[in-house]
Amino acid sequence: MKGRVLIIAGSDSGGGAGIQADIKAVTALGGFAMTAITALTAQNTLGVHGVAGVPIDFIRQQIAVVLDDLGADALKTGMLHDVPVIEAVCEEIAARAKGIPLVADPVMVAKGGHPLLAPDAVETLKARLLPLATVITPNLPEAEVLTGRPIRDVPAMREAAAALRGLGVPAVLLKGGHLEGNEVTDLLVTADGAEEFVAPRIDTRHTHGTGCTLASAIAAGLAQGMSLRDAVQRARAYVRAAIAAAPGYGAGHGPLDHGVTVDPTRIPG
(Lines give C-alpha, C1' and ligand atoms only; values in the text may rest on other atoms or scores of the structure.)
Protein backbone atom coordinates (compact mmCIF):
# COMPACT_ATOMS: atom_id res chain seq x y z
CA MET A 1 0.00 0.00 0.00
CA LYS A 2 2.97 2.34 0.12
CA GLY A 3 2.86 5.39 -2.08
CA ARG A 4 5.31 8.27 -1.93
CA VAL A 5 3.71 11.65 -1.24
CA LEU A 6 5.69 14.88 -1.29
CA ILE A 7 3.87 17.50 0.77
CA ILE A 8 4.73 21.15 0.14
CA ALA A 9 3.15 23.20 2.91
CA GLY A 10 3.57 25.11 6.15
CA SER A 11 4.21 23.75 9.62
CA ASP A 12 1.67 23.91 12.48
CA SER A 13 3.43 23.89 15.85
CA GLY A 14 0.18 22.74 17.48
CA GLY A 15 0.25 19.54 15.44
CA GLY A 16 -3.34 19.71 14.22
CA ALA A 17 -2.95 21.09 10.71
CA GLY A 18 -0.27 21.79 8.13
CA ILE A 19 2.70 19.50 7.61
CA GLN A 20 2.07 17.71 10.88
CA ALA A 21 -1.48 16.73 9.91
CA ASP A 22 -0.31 15.86 6.40
CA ILE A 23 2.35 13.43 7.60
CA LYS A 24 -0.05 11.78 10.05
CA ALA A 25 -2.78 11.35 7.43
CA VAL A 26 -0.53 9.89 4.76
CA THR A 27 1.06 7.52 7.29
CA ALA A 28 -2.31 6.41 8.69
CA LEU A 29 -3.41 5.44 5.18
CA GLY A 30 -0.32 3.40 4.46
CA GLY A 31 1.66 5.93 2.43
CA PHE A 32 5.16 7.36 2.80
CA ALA A 33 5.22 11.10 3.53
CA MET A 34 8.01 13.47 2.51
CA THR A 35 8.02 17.23 3.01
CA ALA A 36 9.14 20.61 1.75
CA ILE A 37 8.25 23.16 4.41
CA THR A 38 7.27 26.61 3.13
CA ALA A 39 6.68 28.42 6.43
CA LEU A 40 6.78 27.97 10.19
CA THR A 41 3.81 29.00 12.31
CA ALA A 42 3.46 29.51 16.05
CA GLN A 43 0.00 28.03 16.31
CA ASN A 44 -2.40 26.33 18.70
CA THR A 45 -6.13 25.61 18.84
CA LEU A 46 -6.86 29.29 19.48
CA GLY A 47 -5.19 30.55 16.33
CA VAL A 48 -2.00 31.50 14.53
CA HIS A 49 0.23 33.67 16.70
CA GLY A 50 3.18 34.12 14.36
CA VAL A 51 4.48 33.16 10.91
CA ALA A 52 8.07 32.88 9.71
CA GLY A 53 8.69 32.22 6.04
CA VAL A 54 11.32 29.76 4.81
CA PRO A 55 13.89 31.20 2.36
CA ILE A 56 12.84 30.62 -1.25
CA ASP A 57 16.07 28.91 -2.25
CA PHE A 58 15.70 26.47 0.63
CA ILE A 59 12.11 25.65 -0.37
CA ARG A 60 13.40 24.88 -3.84
CA GLN A 61 16.22 22.77 -2.43
CA GLN A 62 13.88 20.67 -0.29
CA ILE A 63 11.71 19.86 -3.32
CA ALA A 64 14.69 19.16 -5.56
CA VAL A 65 16.60 16.80 -3.28
CA VAL A 66 13.49 14.77 -2.44
CA LEU A 67 12.33 14.37 -6.03
CA ASP A 68 15.80 13.76 -7.43
CA ASP A 69 16.50 10.94 -4.97
CA LEU A 70 13.35 9.43 -3.46
CA GLY A 71 10.88 10.43 -6.18
CA ALA A 72 7.13 10.79 -5.62
CA ASP A 73 3.91 9.12 -6.69
CA ALA A 74 1.78 12.14 -5.76
CA LEU A 75 2.24 15.71 -4.57
CA LYS A 76 0.17 17.80 -2.19
CA THR A 77 0.46 21.56 -1.74
CA GLY A 78 -0.92 23.50 1.20
CA MET A 79 0.17 26.86 2.57
CA LEU A 80 1.98 28.81 -0.18
CA HIS A 81 1.77 32.20 1.44
CA ASP A 82 3.01 34.72 -1.13
CA VAL A 83 3.84 35.26 -4.80
CA PRO A 84 7.56 34.27 -4.66
CA VAL A 85 6.73 31.02 -2.85
CA ILE A 86 3.97 30.10 -5.33
CA GLU A 87 6.19 30.86 -8.30
CA ALA A 88 9.15 28.89 -6.91
CA VAL A 89 7.04 25.86 -6.04
CA CYS A 90 5.30 25.86 -9.42
CA GLU A 91 8.62 26.13 -11.25
CA GLU A 92 10.05 23.17 -9.33
CA ILE A 93 6.93 21.06 -9.89
CA ALA A 94 6.89 21.86 -13.61
CA ALA A 95 10.59 21.04 -13.95
CA ARG A 96 10.82 17.93 -11.76
CA ALA A 97 7.36 16.42 -11.31
CA LYS A 98 5.66 16.55 -14.67
CA GLY A 99 2.87 14.00 -14.88
CA ILE A 100 2.78 13.28 -11.14
CA PRO A 101 -0.70 13.77 -9.64
CA LEU A 102 -0.99 16.99 -7.64
CA VAL A 103 -3.61 17.69 -4.98
CA ALA A 104 -3.64 21.46 -4.44
CA ASP A 105 -5.33 22.71 -1.28
CA PRO A 106 -5.62 26.51 -1.80
CA VAL A 107 -5.02 27.43 1.84
CA MET A 108 -6.00 31.06 2.46
CA VAL A 109 -7.20 31.46 6.05
CA ALA A 110 -6.52 29.49 9.22
CA LYS A 111 -9.41 28.05 11.23
CA GLY A 112 -9.13 30.93 13.69
CA GLY A 113 -9.29 33.55 10.95
CA HIS A 114 -5.59 34.39 10.48
CA PRO A 115 -4.77 35.02 6.78
CA LEU A 116 -2.31 32.49 5.33
CA LEU A 117 -2.17 33.88 1.79
CA ALA A 118 -1.17 37.40 0.82
CA PRO A 119 -4.06 39.20 -0.95
CA ASP A 120 -1.88 39.98 -3.96
CA ALA A 121 -1.05 36.28 -4.36
CA VAL A 122 -4.55 35.08 -5.28
CA GLU A 123 -4.16 35.79 -8.99
CA THR A 124 -0.75 34.09 -9.03
CA LEU A 125 -2.26 31.05 -7.34
CA LYS A 126 -4.98 30.91 -9.99
CA ALA A 127 -2.64 31.45 -12.91
CA ARG A 128 0.32 29.30 -11.85
CA LEU A 129 -0.74 26.58 -9.40
CA LEU A 130 -4.26 25.63 -10.43
CA PRO A 131 -3.38 24.57 -14.00
CA LEU A 132 -0.74 22.18 -12.59
CA ALA A 133 -3.21 20.46 -10.26
CA THR A 134 -4.97 17.14 -10.78
CA VAL A 135 -7.60 18.22 -8.28
CA ILE A 136 -8.09 21.24 -6.03
CA THR A 137 -9.85 21.04 -2.66
CA PRO A 138 -11.16 24.50 -1.70
CA ASN A 139 -13.65 25.14 1.06
CA LEU A 140 -16.47 27.58 0.33
CA PRO A 141 -14.72 30.80 1.51
CA GLU A 142 -11.68 29.88 -0.60
CA ALA A 143 -13.86 29.11 -3.61
CA GLU A 144 -15.62 32.46 -3.17
CA VAL A 145 -12.28 34.26 -3.36
CA LEU A 146 -11.14 32.23 -6.37
CA THR A 147 -14.39 32.72 -8.30
CA GLY A 148 -15.47 36.14 -7.04
CA ARG A 149 -19.02 34.92 -6.38
CA PRO A 150 -21.01 34.09 -3.23
CA ILE A 151 -21.79 30.44 -2.51
CA ARG A 152 -24.86 30.00 -0.32
CA ASP A 153 -26.29 26.63 -1.38
CA VAL A 154 -25.54 23.45 -3.31
CA PRO A 155 -26.65 24.82 -6.71
CA ALA A 156 -24.22 27.70 -6.19
CA MET A 157 -21.54 25.15 -5.33
CA ARG A 158 -22.13 23.49 -8.70
CA GLU A 159 -21.77 26.82 -10.51
CA ALA A 160 -18.61 27.69 -8.58
CA ALA A 161 -17.02 24.30 -9.24
CA ALA A 162 -17.71 24.69 -12.96
CA ALA A 163 -16.12 28.14 -12.86
CA LEU A 164 -13.06 26.72 -11.11
CA ARG A 165 -12.71 24.01 -13.75
CA GLY A 166 -12.81 26.84 -16.27
CA LEU A 167 -9.52 28.06 -14.80
CA GLY A 168 -7.81 24.96 -16.18
CA VAL A 169 -8.25 22.50 -13.32
CA PRO A 170 -9.28 18.96 -14.37
CA ALA A 171 -11.17 18.27 -11.14
CA VAL A 172 -12.57 20.18 -8.16
CA LEU A 173 -13.59 18.82 -4.79
CA LEU A 174 -15.61 21.67 -3.31
CA LYS A 175 -16.14 21.18 0.42
CA GLY A 176 -19.51 22.32 1.74
CA GLY A 177 -18.90 22.31 5.47
CA HIS A 178 -19.48 26.06 5.77
CA LEU A 179 -23.11 25.76 4.65
CA GLU A 180 -25.78 25.65 7.34
CA GLY A 181 -27.71 22.46 8.01
CA ASN A 182 -27.54 19.03 9.60
CA GLU A 183 -25.85 17.51 6.56
CA VAL A 184 -22.57 18.30 4.86
CA THR A 185 -22.36 18.11 1.08
CA ASP A 186 -19.05 17.88 -0.75
CA LEU A 187 -19.10 18.16 -4.52
CA LEU A 188 -16.65 16.43 -6.85
CA VAL A 189 -16.69 17.82 -10.38
CA THR A 190 -14.62 16.34 -13.20
CA ALA A 191 -14.83 16.17 -16.98
CA ASP A 192 -17.19 13.19 -16.48
CA GLY A 193 -19.73 15.19 -14.47
CA ALA A 194 -20.57 16.05 -10.86
CA GLU A 195 -21.13 13.84 -7.85
CA GLU A 196 -22.40 14.85 -4.42
CA PHE A 197 -21.14 13.21 -1.25
CA VAL A 198 -23.61 13.83 1.58
CA ALA A 199 -23.12 12.88 5.23
CA PRO A 200 -24.58 13.91 8.61
CA ARG A 201 -22.78 16.83 10.22
CA ILE A 202 -20.71 15.89 13.27
CA ASP A 203 -21.51 18.41 16.00
CA THR A 204 -18.07 19.34 17.34
CA ARG A 205 -15.64 22.23 17.59
CA HIS A 206 -12.69 19.88 17.05
CA THR A 207 -12.18 20.36 13.32
CA HIS A 208 -8.74 21.97 13.19
CA GLY A 209 -6.82 20.67 10.19
CA THR A 210 -9.67 18.96 8.37
CA GLY A 211 -8.79 20.57 5.03
CA CYS A 212 -5.10 19.67 5.24
CA THR A 213 -5.95 16.16 6.35
CA LEU A 214 -8.48 15.55 3.58
CA ALA A 215 -6.18 16.79 0.81
CA SER A 216 -3.27 14.68 2.04
CA ALA A 217 -5.49 11.63 2.40
CA ILE A 218 -6.59 12.08 -1.22
CA ALA A 219 -2.96 12.43 -2.29
CA ALA A 220 -2.12 9.20 -0.48
CA GLY A 221 -4.85 7.42 -2.43
CA LEU A 222 -3.64 8.77 -5.76
CA ALA A 223 -0.08 7.77 -4.87
CA GLN A 224 -1.33 4.24 -4.23
CA GLY A 225 -2.94 4.04 -7.66
CA MET A 226 -6.55 4.70 -6.70
CA SER A 227 -8.93 6.50 -8.99
CA LEU A 228 -9.74 10.04 -7.91
CA ARG A 229 -13.26 9.06 -6.85
CA ASP A 230 -12.01 6.15 -4.73
CA ALA A 231 -9.31 8.34 -3.18
CA VAL A 232 -11.93 10.96 -2.29
CA GLN A 233 -14.29 8.33 -0.86
CA ARG A 234 -11.62 6.82 1.38
CA ALA A 235 -10.26 10.22 2.42
CA ARG A 236 -13.70 11.48 3.45
CA ALA A 237 -14.36 8.35 5.50
CA TYR A 238 -10.98 8.70 7.21
CA VAL A 239 -11.50 12.37 8.05
CA ARG A 240 -14.97 11.71 9.45
CA ALA A 241 -13.61 8.93 11.65
CA ALA A 242 -10.77 11.19 12.80
CA ILE A 243 -13.23 13.98 13.69
CA ALA A 244 -15.47 11.58 15.59
CA ALA A 245 -12.47 10.32 17.56
CA ALA A 246 -11.00 13.79 18.28
CA PRO A 247 -9.19 13.78 21.65
CA GLY A 248 -10.60 17.13 22.79
CA TYR A 249 -7.29 18.94 23.21
CA GLY A 250 -7.10 22.72 23.54
CA ALA A 251 -9.51 25.52 24.34
CA GLY A 252 -10.37 26.36 20.72
CA HIS A 253 -10.71 24.38 17.50
CA GLY A 254 -9.07 21.15 18.59
CA PRO A 255 -7.21 18.61 16.44
CA LEU A 256 -8.51 15.38 14.97
CA ASP A 257 -7.34 11.94 15.96
CA HIS A 258 -5.16 11.21 12.95
CA GLY A 259 -4.23 7.85 14.41
CA VAL A 260 -7.80 6.56 14.29
CA THR A 261 -7.91 2.92 13.25
CA VAL A 262 -8.88 2.53 9.60
CA ASP A 263 -8.35 -0.11 6.95
CA PRO A 264 -6.32 1.67 4.26
CA THR A 265 -7.25 -0.99 1.71
CA ARG A 266 -10.99 -0.50 2.10
CA ILE A 267 -12.85 1.84 -0.24
CA PRO A 268 -16.17 2.88 1.36
CA GLY A 269 -19.24 2.07 -0.71
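Residues numbered from 1 in each chain as written. Predicted model: local features only at pLDDT ≥ 70, side-chain atom pairs only at ≥ 80, totals over all residues. Heavy atoms only, no water.

Per an unreviewed UniProt entry, the recorded name for the protein is hydroxymethylpyrimidine kinase, and the organism is Roseomonas alba. We quote the UniProt Pathway (unreviewed entry) comment for the protein here in full: "Cofactor biosynthesis; thiamine diphosphate biosynthesis." (UniProt positions renumbered as here; feature names shortened; annotations may be inferred.)

Moving on: the pattern of salt bridges. When the charged atoms of two side chains with opposite charge come close together, those side chains can pair. All chains considered together, the criterion is met by 12 salt bridges. Residue Asp-73 is joined to Arg-4 by a salt bridge in which the shortest nitrogen-to-oxygen separation is 2.8 Å. Of this pair, Asp-73 sits in the loop between α2 (56-69) and β4 (74-77) while Arg-4 sits in strand β1 (residues 4-12), and the two are 69 residues apart along the sequence. A relative accessible area of 26% places Asp-73 in the partly exposed class. One salt bridge in this structure joins Arg-96 and Glu-92, with 2.7 Å as the shortest N-O distance. In this pair, Arg-96 and Glu-92 are both assigned in helix α3 (residues 83-96), four residues apart and thus about one turn of the helix distant. Assessed through its relative accessible area of 9%, Glu-92 is described here as buried. Salt bridges sharing partners connect three or more residues here, namely Arg-60, Asp-68, Glu-91, Glu-92 and Arg-96. (Salt bridge = Lys/Arg side-chain N within 4 Å of Asp/Glu carboxyl O. Helix = DSSP H or I, 4+ residues; strand = E, 2+ residues; numbered from the N terminus. Buried < 20%, exposed > 50% of the residue type's maximum accessible area, 1.4 Å probe, protein only.)

Another point: the nonpolar core. Formed by 46 residues in total, the largest nonpolar core has its most connected members in Leu-6, Leu-75 and Leu-174. Here the element with the most residues in this core is helix α6 (residues 154-165); it accounts for six residues. When sequence neighbours within four positions are dropped, the list of residues in contact with Leu-6 reads Met-34, Thr-35, Ala-36, Ile-63, Val-66, Leu-67, Ala-72, Ala-74, Leu-75 and Lys-76. (Core = buried A, V, L, I, M, F, W, Y, C linked by side-chain atoms within 4.5 Å. Contact = heavy atoms within 4.5 Å.)

Each α-helix winds once per 3.6 residues, and so residues spaced three or four apart point in a common direction. Helix length check: α3 (14 residues) gives 20 Å between terminal C-alpha atoms against 20 Å at 1.5 Å per residue, within 8%. Along α3, the residues classified as buried are Val-85, Ile-86, Ala-88, Val-89, Cys-90, Glu-92 and Ile-93. Structurally, α3 contributes buried residues whose contacts are with β1, β2 (32-44), α2, β4, β5 (102-104) and α4 (122-129). Two to three positions downstream of the cap, the backbone nitrogen of Val-85 sits 3.0 Å from a side-chain oxygen, assigning the N-cap of α3 to Asp-82. (Expected span 1.5 Å × (residues − 1). Polar contact = N/O pair within 3.5 Å; in protein donor to acceptor, adjacent residues only side chain to side chain.)

In contact at an axis separation of 9 Å, α3 and α4 are set at 5° when each is read in the N-to-C sense. Considering their axes alone, α3 and α4 lie roughly parallel with respect to each other. Within the contact between the two elements, α3 uses Val-83, Ile-86, Glu-87, Cys-90 and Glu-91 and α4 uses Thr-124, Leu-125, Arg-128 and Leu-129. (Axes fitted to C-alpha atoms, helices over the stretch in contact; angles between N-to-C directions. Parallel < 35°, antiparallel > 145°, perpendicular 65-115°, else oblique.)

With that out of the way, let us pick up the pairing of strand β8 (residues 183-190). Of all the eight residues making up β8, six are buried; the element is thus mostly covered by neighbouring parts of the structure. Across three bridges, the pairing between strand β7 (residues 172-174) and β8 is antiparallel. Looking at β8, one finds that Leu-174 is bridged to Leu-187. Pairing geometry for β8 and strand β9 (residues 193-200), over eight bridges, is antiparallel. Pairing of Val-189 across the sheet is with Ala-194, part of β9. Between β8 and β9, which follow one another and run antiparallel, lie two residues. (Pairing = 2+ DSSP bridges.)

So, on to the environment of Val-54. Following the sequence through the fold, Val-54 ends up in the loop between β3 (47-53) and α2. For the pair formed by Val-54 and Ile-37, sequence separation is 17 residues and the distance between their alpha carbons is 7.3 Å. What Val-54 contacts, discounting residues up to four positions off in sequence, is Ile-37, Thr-38, Ala-39, Ile-59 and Gln-62.

This part covers the packing of helix α1 (residues 18-28) against helix α7 (residues 210-223). Closest axis-to-axis distance for the α1/α7 pair is 8 Å, and the angle between their directions is 40°. On the basis of the axis angle, α1 is oblique to α7. Handedness of the α1/α7 crossing: right-handed. Where α1 approaches α7, its residues Gly-18, Ala-21, Asp-22, Ala-25 and Val-26 are matched on the opposing element by Cys-212, Thr-213, Ser-216, Ala-217 and Ala-220. A per-class count over the contact of α1 with α7 returns six nonpolar, three polar and one charged. (Left-handed = near helix turned anticlockwise from the far one by under 90°. Nonpolar A, V, L, I, M, F, W, Y, C, P; charged D, E, K, R; others polar.)

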